Each structure stands twice: as C-alpha cells, then as structure tokens.
Amino acid sequence: MSRADAFRLVSRHGRIGCVASITVSAIGISHIEYELPSEAIELEELHLRGLLESPPERLRQFGFARAYLSNRPGEEAALKAAHRLMQRSRVPTRDVAAIFYAGAIPQSHTVSGCGSGNLFNYPVAQLQYELELERATAIGISQVGCMGLNSAVAMARDFLISNGHAQHVLCISADVLPPGAKREILYNVISDGACAVLVSRGCECNRLRYRRQVTKGYYWDSVGKKNEIIAAYFPTAQHLINSTLEGAGLTKDDIRWIIPHNVSRRSWEILLDLVGLPIERLFTENIARVGHVIAADNWINLRDMMERKLVDSSDKLLLVNFGFGANWACAVLEY
Amino acid sequence: MHIVFVTGASGTLGEAIIERLRVHAEVAHIFALTHRSAVPAGIEPVWGDITAETDLGLDARTAEKIRSEATIIIHAAANTRLSAAPPGARHANVGGTCNLLNFAARCRKKPRVIVLSTVYVAGRRIGTVYENELEHNAGFVNAYEESKYEAELQAQRRMGELPVTVVRLSTVIADSEGRVTRLAALHHALRFYYSSLAPMVPGSDNSPVDLVALDYAAKAIVRLALDGQVLSTTYQVCGGTDCLTLRAMLDLAFECFVRFRPAWRKRAIERPAVVSLRTFELFVRSVEEIGDEGLRASVGVLKHFAPQLAYPKQFDDSVLRAALPDLEKPVIREVFPKVVRCLIECGWELTRPVELACR
C-alpha cells in the first residue's frame, strides 16, 4: 500500500448510533456526469396533476420550483450518464475495477420491462455489460434511501484502499418514481434522474478527507415515524456536522461551501442557523432548478459548481446528506 | 382561629393549599371556590366565578357569609393556560383579581389577601429578578405572563388600602416525591423529548430553569397566609439559586429516560439542540406552515413557554427566606428524576393511579 493510500479507520459504538469514520488521502472524485429527463414540470402543473401534497405556494416558499419527470427507465438514464462520464474521462474501461449501482426505491434494482417473474435482472450487471467494463466487479447498493450514491462513493474509496491494484470505481445512482407517484416527500419536491461519479486513486481533485455516517434504526418506519424523523433530522445533523468538522481537524471557517442534498431551503436555514454556518456558503440554486434528485443531489450540485468555477483549488467542501433508513452522512472534500 | 376563603380550589395548587389548611390547627373553616362537587371533609364548597363583577358570582347569602367571616383570602384562581389569547387571559387574571380585591375590600374583618402570581411577570427581562421589582418594559413571552403582570399592578395599587401579599411562583413541577397530578407544559415537553418530537429548544446551555416542588410552594403560601408578621409585599417561591441549567436539565432528563426505561436507549434519540430564539421560531413557523398534526402538537406546547429560556434570568427569594428561614426547600436535582420516573411509569397518562405509578 502506497503512502498516499495510508488511512485511518475508526469504528466505535457511540451514543448516537453506530458511527464509522475514515480519513484517507489521494483518493478523490475525478469525474461527475448526470442525466435529467428532458421534461421539467412547474409546481402549478404538478399540483394540477395531483402529484403534490402541499399547495404550490408553500413549496415555493420552501425553495422549490419544478420537478423533472421521466417516462423512461432509470437504468437508461444511468447508462447515459455513465457513458458520457467514460467518454469524457477517457479512462480505459479495463481500469475500472468496480461498478457500484445505487437506487433508493426497490424498482431501481430490477431492469424494467422484464415482467414480474424476473426478480434477478439487475441493472448493475446490465450496465457493466453495456459499458464494456468487463473487469469491473458489479455490486448494487440499496436500503439507504437518498444516501445511495454517497454510500457508493464511500464504499468505492474503501474498495480502492483495500485493493491496492484497483485504479477507478464507477458509482452510479438512478431513480425514476413510478408513473403517478406523488412528487412530494416530507415536504420536498422529487425529481427523477441519474448521476455517475468516478472515484479514482491518485486523484488530487475532490479528495475525500473525512466522512462520518450515523444510522438510527429507530426511525426505520419512514411513514409511521414521519414526524419523529423530521424532528430528529436537525439535532442529529447538527451533531454529525460538528463531529465531522472536528474529525477532519477543521473549523467552520475552513469550509468554503456546503453542498446540500436538495431538501427544502427552509430546512437548510434552520440547520445552518443551528450549526452556526452562514447560509451564503450553501449552494442553493439547484433546489429550485432541479429539485431533490433522490440520491444524486450532492454530486449534481458539485458538478454544476465545478462547471461554473465556483470552487477553487484546496477549497474545503462539506457534503451533507440524509436518507431514509435512517441515515445521516457528512463528508469533507478538498477540491 | 382563621376562616379562609380560597379561590381556584380545584386547581393543582389550590388543592395542595387546601390540604394543608385542612389540617392546620389555626384554621377553623375553609370556603373553597371550586368547580367540583366532591370536596374533602371540613371544606365548604362554594360556587362562583371570579370574572363576575358582583360578589364573584356567589349567591348573595354565601357572599355575605364569607364577607362577614373571612380572615384570610387566598386567590389561587387564574387562567394558567400559556397559550391563552390575550383577552381570555386578561379577563380571568386581571379582571378576576380586581373583582377579588373589590370583594375583599368589603369584607368586615379586613382579611389578609394572598394573591398568587408568577415569577414570569418578569417577562423578557434577563438577569437577576428581585422580589421588590415589578415594572419593566421588556415585554412578555405570552399573554399569561402579561395578564399576571397587570394583575400584580392592580394588587400593588391596593396595598395601601388592603393587607395584600403577592406570592410569585416559579414553575411547579410536581410534589417533592415526584407525583404529578396534572400535566403541565413542562411535562408535555418531557414527553416530546422522550418521543423524539422536539428537536430544539431556545436559549443557551446555561439558561437557568427554575422549578419548584408543589408541596414546598403550598407550605410557603399557607405559612405566609397564616403568619401575622407577614407584610404587604411580594415574595418569590422559586428555586432561586437551586436551579438547573437548561443543558443540565436536558442531560438529566435523558439520563433518567435511560435509567427508568433501559430499552429506551436503543432509540438513540438525540438531545434537542439548544438554539437561538430566531432558529426556534423559524422551525415553529415551518411546522405551522406544513400543518402536520403530530409536530404541531409538539411545537404548539413548546412555543408558548420555551422562548422564556431565551431570556435567561435568576429569581431571588431573599425576602421569602428571611420571612420563613426554617422552610426547607427540596433539592430540585433530587426531585426532577422522581418526576421523570413518574411520567415514564404512567406513560404521561394520569388517568392511571399515579400513586401506584410513582411508587
């Protein structure tokens, strides 16, 4: 194992659930691509179609404007995003050692159109074939809700650490809600979409400096414990952000940007007030532009920020995420 | 021997006061203004309404009897709902106190009038609040505080004319054995913390949380009422220097949740975040906007009293301690766990026999 791969693994059972923390260097995110459906539907239209629970005006107050709806299978969007990433990165397909495919909803883990009898038609294998990643180990990641892609990236880093010969891991998430499904979950407006993230050894860009995750199984019932989840969200996220900064050896002042998952802007105002970070450091534009693309938000946002040159070399970025399950995660990237 | 007229006799404090008066050697008779038909032996229940300007709504014969016999009046009746709208709070608390004082002025034996109030007439003041202080322009957290403030002003104005004593109480949590007879805002707040429905509380870690035991409060009131040396002044029955900080109270509550319900630990519920009032109000507004019943119930309780924690203050009880130097105050850090245990044991359902639940 090279010096650059040196890592520290700390695992402990703390009072806020099972916590795992890892500090690594020289493993980073080299490329990100995402794919959104062509059709974006404004809140009023979503309301008219009966796809919202709350009045459009309320959701607008919470920072939302529209949702992207797809009538195509999720794996199709995943393939487009991954294909584009492979083309632009110019990484030889033989150098991709693993492909991790995350989906938040059960339908995302079966290739569509195969009929109900085919329970074992997994999109990750199909993607491996279509992308010609014949050397890549293919694994699906589920049951972590909107944290699927973040979990995939974390596992990719671990994979690269424990497989010294491996160079790249391709992480993909794709979720398309079933036709007619409500587009509002816990007062957040949900979009379909896919995102591909390449985690690479020796990548000095977007290095994963530190990550913490907390799982609180008490909140496993996402419907029955809806109120408790909303209430638990804030103090748990606050605690996690503080402990992540502490673990990374950083202060709040060191953080240039907070890269959110695109839940309501109002909830971010509350959380950042609570943590003591200014809302100006939160990248909020995509909450309205894109909505909450389930597992892909943090990475779509990072991609757009890089595209717009909002991040500079060595900027410390804080990625915060929650997924049903119930998981909270916080990571520090160094751009 | 004294004849005592007590208003608010069916309230938590009124009942506790009457319990002590009943067995007091110097009390010959008690008139209890109550809503209940069943009252303990030795009590004469009378029915009326403190908001009625004429004789507190008592029938003429009863009113006349009390006017001619009463030597002590304890005014415990009040609208104590922290969520009360200003007109309702003012009607009961200011109007009721004025009516009571007018009634007292026409009593023949010049009875000592004990007007019960709250230490939170201090409203949004911060710092140390002394017993001889009342008037301020800091504002109030809720209409209840403001109405009690105005009621105290009324009582003070009558002090020259009547032997009026104001007794301000802090938050009465339970008796010193932890028995809760009625659920109040703090008990509900503990339920929300226990159930993971209260994510945040305004204030700072060091905000004092002043709590007092019911039996201590009742004992103090009865002694002040019956003590011939007591002045027409104001006393604060409160924790004073014996109070928990907000952080200490939350830590103690969570420690008790685990101690008295070990299986609760696996829920891994986070302690509520201690936040600025601005953040708390933003959360409250958001919950009210999304209109969810479960969370609204939680913030509906918290929003009327928790903001008080954002105005940290300590209540001084030197005048009371000088008047009743031998009155022993239960240590709140010892009472609090008993209260939490009682609430856990009865599941915040006081319809079950509390005595059994708290044993």
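These figures come from a predicted structure and were not determined experimentally. (Residues numbered from 1 in each chain as written. Chains lettered and ligands numbered in written order. Predicted model: local features only at pLDDT ≥ 70, side-chain atom pairs only at ≥ 80, totals over all residues.)

1. Focus on the packing of helix α6 (residues 226-247) of chain A against helix α7 (residues 265-275) of chain A
Residue and element names in this part refer to chain A.
No. 1: Two numbers describe how α6 lies on α7: the axes approach to 10 Å, and their chain directions differ by 50 degrees. Taken together, the axis directions place α6 and α7 in an arrangement best described as oblique. Between α6 and α7 lies a crossing whose hand is right-handed. Between α6 and α7, the residues in contact are F234, A237, Q238, I241 and N242 and I270, L271, L274 and V275, respectively.
No. 2: Taken together, the residues of the contact of α6 with α7 break down into 7 nonpolar, 2 polar and no charged. (Axes fitted to C-alpha atoms, helices over the stretch in contact; angles between N-to-C directions. Helix = DSSP H or I, 4+ residues; strand = E, 2+ residues; numbered from the N terminus. Parallel < 35°, antiparallel > 145°, perpendicular 65-115°, else oblique. Left-handed = near helix turned anticlockwise from the far one by under 90°. Contact = placed C-beta atoms within 7 Å. Nonpolar A, V, L, I, M, F, W, Y, C, P; charged D, E, K, R; others polar.)

2. A few points about the interface of chain A and chain B
Buried accessible area, meaning the area lost when the parts come together, often serves as the stated size of an interface.
No. 1: Each side of the interface is counted separately: chain A has 22 residues, and chain B has 25 residues.
No. 2: Taken together, the elements giving at least two residues each to the side of chain A that touches chain B come down to α6 and α7 of chain A.
No. 3: Examining the composition of the side of chain A that touches chain B, we find that 10 residues originate from one element, α6(A), more than from any other.
No. 4: The residue makeup of the side of chain A that touches chain B, split by class, is 10 nonpolar, 6 polar and 6 charged.

3. Focus: the sheet that holds strand β7 (residues 164-169) of chain B
One key point about sheets: their strands pair by backbone hydrogen bonds, in either a parallel or an antiparallel sense.
All names here are of chain B.
No. 1: Taken in spatial order, the 7 strands of this open sheet run β3-β2-β1-β4-β5-β7-β12, and their pairing is parallel. Unpaired on one side and paired on the other, β3 (43-46) and β12 (234-237) mark the two borders of the sheet. Here the strands of the sheet are splayed against their neighbours by 20 degrees on average, with no regard to which way each runs. (Pairing = 2+ DSSP bridges.)

4. Quick look at the nonpolar core
No. 1: The biggest cluster of nonpolar side chains holds 239 residues, and the ones touching the most others in it are I172(A) and A217(B).
No. 2: Looking at which domains feed residues into this core, each of domain 1 (29-201) and domain 2 (206-334) of chain A supplies at least three.
No. 3: Setting aside anything within four residues of it in sequence, one finds A217(B) in contact with L13(B), L169(B), V172(B), V212(B) and V237(B). (Core = buried A, V, L, I, M, F, W, Y, C linked by C-beta atoms within 7 Å. Buried ≥ 20, exposed ≤ 12 C-beta atoms within 10 Å, placed from the backbone. Domains from an automatic or database assignment.)

5. Observations concerning unusual backbone geometry
No. 1: Here the amide bond leading from G325(A) into A326(A) is cis, since omega sits at 5 degrees, within 30 degrees of zero.
No. 2: Positionally, A326(A) belongs in the loop between β14 (316-323) and β15 (327-334).
No. 3: The backbone of S196(B) shows a phi angle near 60 degrees, a positive value even though the residue is not glycine.

6. Description of helix α4 (residues 143-157) of chain B
Think of an α-helix as 3.6 residues a turn; residues three or four steps apart then line up on the same face.
All names here are of chain B.
No. 1: Between its terminal C-alpha atoms α4 stretches 21 Å, which fits the 21 Å expected from 15 residues at 1.5 Å a residue.
No. 2: For α4, the full list of buried residues reads A143, Y144, E145, E146, S147, K148, Y149, A151, E152 and A155.
No. 3: Where α4 is buried, its residues contact α3 (86-105), β5 (112-118) and β7. (Expected span 1.5 Å × (residues − 1).)

By themselves, these are just geometric observations and shouldn't be taken as functional.
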